[in-house]
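Examination of the molecular architecture
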Amino acid sequence: MIRKFIKWFITPSPKPIIEDVDLYAKIVELENRIANLEEENIETSNSLYELGNSIDAVDTRIDILSIEAFTKDV
């Protein structure tokens, strides 16, 4: 059993070993992607904030109109 494990452990892997990976280029690419995602995140947050403010303004206007409708009937 141990011999079988040692034989399996020592035998070369059928998967090819890729050594032509340029790690620096990958790091730079990932940093650029992170910068773009952070910029998009800021834009999305700003848009959501603006939408929230618009909804609050409409809600306030609806409240005012509903109060006016009830005060005219009285």
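Definitions and cut-offs
- Residues numbered from 1 in each chain as written.
- Predicted model: local features only at pLDDT ≥ 70, side-chain atom pairs only at ≥ 80, totals over all residues.
- Heavy atoms only, no water.
- Helix = DSSP H or I, 4+ residues; strand = E, 2+ residues; numbered from the N terminus.
- Rg over C-alpha atoms; globule rule 2.2 N^0.38 Å.
- Buried < 20%, exposed > 50% of the residue type's maximum accessible area, 1.4 Å probe, protein only.
- Phe/Tyr/Trp six-rings, centres within 6.5 Å; stacked < 30°, edge-to-face > 60°.
- Patch = residues over 30% accessible without salt bridge, like charges linked within 9 Å, V, L, I, M, F, W, Y side chains within 5 Å.
- Areas by Shrake-Rupley, 256 points an atom, 1.4 Å probe, with all protein chains shown as cover.
- Salt bridge = Lys/Arg side-chain N within 4 Å of Asp/Glu carboxyl O.

1. Considerations on the overall build of the protein chain
- In terms of helices and strands, the protein chain carries 2 helices and 0 strands.
- For a compact globule of 74 residues, the expected C-alpha radius of gyration is about 11 Å, and the protein chain comes in at 31 Å, more than 25% above that figure.
- Dimensions along the principal axes, computed over C-alpha positions, put the protein chain at roughly 95 × 35 × 15 Å.
- Across the 74 residues in the protein chain, those meeting the buried criterion constitute 0%.

2. So, the packing of aromatic side chains
- The full count for this structure, using the stated rule, is 2 aromatic pairs.
- Pairwise contacts between aromatic rings join Phe5, Trp8 and Phe9 into one cluster.

3. Some details on a nonpolar patch on the surface
- A contiguous nonpolar patch, built from Ile2, Phe5, Ile6, Trp8, Phe9 and Ile10 and spanning about 760 Å² of accessible area, is present on the exposed surface.
- Relative to the helices and strands, Ile2 resides in helix H1 (residues 2-10).

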